[in-house]
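So you can see what is in the structure, the chains are spelled out below.
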Amino acid sequence: MTRSLANVAGRAVLSFGADGSVDVGRASGGRFGPTPADVLEDWAAFRSWSESIGPDAPPLIASQLGPPVPAPRQVFAIGLNYRLHAEEAGHDTKGLPQVFTKFPSCLAGPIATVPIVSPRLDWEVELVVVIGETCQRVNEGRAWDRVAGLMVGQDLSARDVQLAGQAAQWSLGKSFTNFGPTGPFLVPTEMVAHPDDLRITCRLNDEVVQDSRTSQMIWGVAELVARLSSVVTLFPGDLIFTGTPAGVGNRREPPRYLGVDDVLVSEIEGLGELTTTFAKEAS
Ligand code: ZN
């Protein structure tokens, strides 16, 4: 039975898909939880405990869910990590990965509404990696062992803010409120059959605008964990947005941007989907 971690009103809930759910803090008598962050601090023990537990509540519905990791210490994001996207953006693919952040206050859940804060608001579906333990200088061959699980992410981007000025403002341009939808669940890595090769798609109003596989990443998950941890200490719950495939709006001819009432569905094989709706900015 697939067991994945959800955030329901700030509490960690184990989801068994259509078979139901269980509140982690209550079912474990306080041993784990009550928040998703608490669960991630003791991930390995939680994973063994979760194997002995079954559902005692109804299945979760997407509109109940918050971001699986609502307040990570660090959010890393990788730019230009798919060959065709790097080429469409006019970059070569031989250099080092571009690393920036999405400030954690931009994180949202799987059903989110985003105000049109920019005339150049663009989409980027991405695989998001969740770190499972404190680590530094991780060997690439052991890097997947440090990963708690995976989820779908959207790296929404205000291109006008991102590309303003002489040195671009990537982190700011990608951190407006609700610019980081994630979820719907944190799916433990061992529940994913081939985590290095998942179909990744994005649909805008039912038109497929991005369609690739995570095997097309230039720097794979293990390389990214190794490279980031060669500089930074990684902590449980830290997120890595691993980059987007080709098909974003600002590289189209003519460019295409998100507007009021657009609906964006971001999906990764085995991990589920995010539905993001765009609305007029409150005045
Ligand atoms: Zn991105």
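This one's a predicted model, so the numbers in the text were calculated from it and none came from an experiment.

(A) Geometry of the overall build of the protein. Check the secondary structure of the protein and you find seven helices and 18 strands. For 283 residues, the compact-globule formula gives about 19 Å, and the C-alpha radius of gyration of the protein, at 18 Å, lands near that figure. Projected onto the principal axes, the alpha-carbon positions of the protein cover approximately 55 × 45 × 30 Å. In the protein, which comprises 283 residues, the proportion classed as buried is 54%. Counting contacts in the protein only where the partners sit at least 6 residues apart, residues at least 24 apart contribute 75% of the total. Of the accessible surface of the protein, which amounts to about 11800 Å², a share of 51% is contributed by carbon and sulfur atoms.

(B) Structural detail: the sheet that holds strand β17 (residues 263-268). Pairing within the open sheet is mixed, and its five strands lie in the order β8-β18-β17-β14-β15. In the strand order of this sheet, the two ends are held by β8 (111-115) and β15 (207-213), each with one partner. Adjacent strand axes in the sheet meet at a mean angle of 15°, parallel and antiparallel pairs treated alike. Sheet analysis places strand β14 (residues 199-204) next to β17, joined by five bridges and oriented antiparallel. By the bridge assignment, Cys-202 is partnered in β17 with Ser-266.

(C) Geometry of the packing of aromatic side chains. In this structure the tally under the stated criterion is six aromatic pairs. Seen in terms of ring centroids, Phe-32 and Phe-46 are 5.9 Å apart; in terms of plane orientation they differ by 75°. Their pairing is edge-to-face. Of the two residues, Phe-32 is situated in the loop between α1 (24-27) and α2 (36-41) and Phe-46 in helix α3 (residues 43-50); the sequence distance between them amounts to 14 residues. By relative accessible area, which is 1% here, Phe-46 ends up buried. Ring geometry for Trp-43 against Phe-46: centres 5.4 Å apart, planes inclined by 40°, an arrangement best described as tilted. In this pair, Trp-43 and Phe-46 are both assigned in helix α3, three residues apart and thus about one turn of the helix distant. Among the aromatic residues, those joined into a cluster by ring pairs are Phe-32, Trp-43, Phe-46 and Trp-49. Directly above the ring of Phe-241 sits Lys-102, whose terminal nitrogen or CZ lies 5.7 Å from the centroid.

(D) Structural detail: α3. Listed as buried for α3 are Trp-43, Phe-46, Arg-47, Trp-49 and Ser-50. Considered in projection along α3, the buried side chains sweep an arc of 165° and stay on one side of the axis. Summarising the geometry of α3, the exposed residues directed more than 90 degrees from the buried face are Ala-44 and Ser-48. Buried positions along α3 lie against β1 (4-8), β2 (11-15), α1, α2, β11 (147-154) and β13 (180-188).

(E) Structural view of the environment of Leu-65. Structurally, the position occupied by Leu-65 is in strand β4 (residues 65-66). For Leu-65, a relative accessible area of 7% translates into the label buried. For the pair formed by Leu-65 and Ile-218, sequence separation is 153 residues and the distance between their alpha carbons is 32 Å. Apart from the residues lying within four places of it in its own chain, the contact partners of Leu-65 are Ala-6, Asn-7, Val-8, Leu-60, Gly-109, Pro-110, Pro-184 and Phe-185.

(F) A look at the pattern of salt bridges. Overall, the coordinates contain 19 salt bridges when judged by the stated rule. Linking Arg-3 and Glu-51 is a salt bridge whose minimum nitrogen-to-oxygen distance equals 3.9 Å. Residue Arg-3 is located in the segment before β1, and its partner Glu-51 is located in the loop between α3 and β4; the two are separated by 48 residues in the primary sequence. Look at Arg-3 and you get buried, because its relative accessible area is 8%. A relative accessible area of 44% means that Glu-51 is categorised as partly exposed.

(G) Quick look at the nonpolar core. Formed by 51 residues in total, the largest nonpolar core has its most connected members in Val-225 and Leu-271. Residues from two domains meet in this core; each of domain 1 (4-60) and domain 2 (69-279) gives at least three. Leave out the neighbours within four places in its chain, and Val-225 touches Ile-131, Val-138, Ala-143, Val-147, Leu-234 and Ile-240. Residues Val-24, Val-69, Ala-89 and Phe-241 belong to the second largest nonpolar core, which totals 29 residues.

(H) Main features of unusual backbone geometry. Here Gly-183 and Pro-184 are connected by a cis peptide whose omega angle stands at -10°. As for its position among the elements, Pro-184 is in strand β13. Of the consecutive residues Glu-253 and Pro-254, the connecting peptide bond is found in the cis state with omega at 0°. With respect to the helices and strands, the residue Pro-254 is situated in the loop between β16 (239-241) and β17. For Ala-9, which is not glycine, the phi torsion reads 50° and is therefore positive. Within the secondary structure layout, Ala-9 lies in the loop between β1 and β2. Of note in this structure, Asp-206 is not a glycine but carries a positive phi near 75°. Its place among the elements puts Asp-206 in the loop between β14 and β15.

About the cut-offs
Residues numbered from 1 in each chain as written. Predicted model: local features only at pLDDT ≥ 70, side-chain atom pairs only at ≥ 80, totals over all residues. Heavy atoms only, no water. Helix = DSSP H or I, 4+ residues; strand = E, 2+ residues; numbered from the N terminus. Rg over C-alpha atoms; globule rule 2.2 N^0.38 Å. Buried < 20%, exposed > 50% of the residue type's maximum accessible area, 1.4 Å probe, protein only. Contact = heavy atoms within 4.5 Å. Areas by Shrake-Rupley, 256 points an atom, 1.4 Å probe, with all protein chains shown as cover. Pairing = 2+ DSSP bridges. Axes fitted to C-alpha atoms, helices over the stretch in contact; angles between N-to-C directions. Phe/Tyr/Trp six-rings, centres within 6.5 Å; stacked < 30°, edge-to-face > 60°. Lys NZ or Arg CZ within 6 Å of the ring centre and 35° of its normal. Arc of directions from axis to C-beta. Salt bridge = Lys/Arg side-chain N within 4 Å of Asp/Glu carboxyl O. Core = buried A, V, L, I, M, F, W, Y, C linked by side-chain atoms within 4.5 Å. Domains from an automatic or database assignment.

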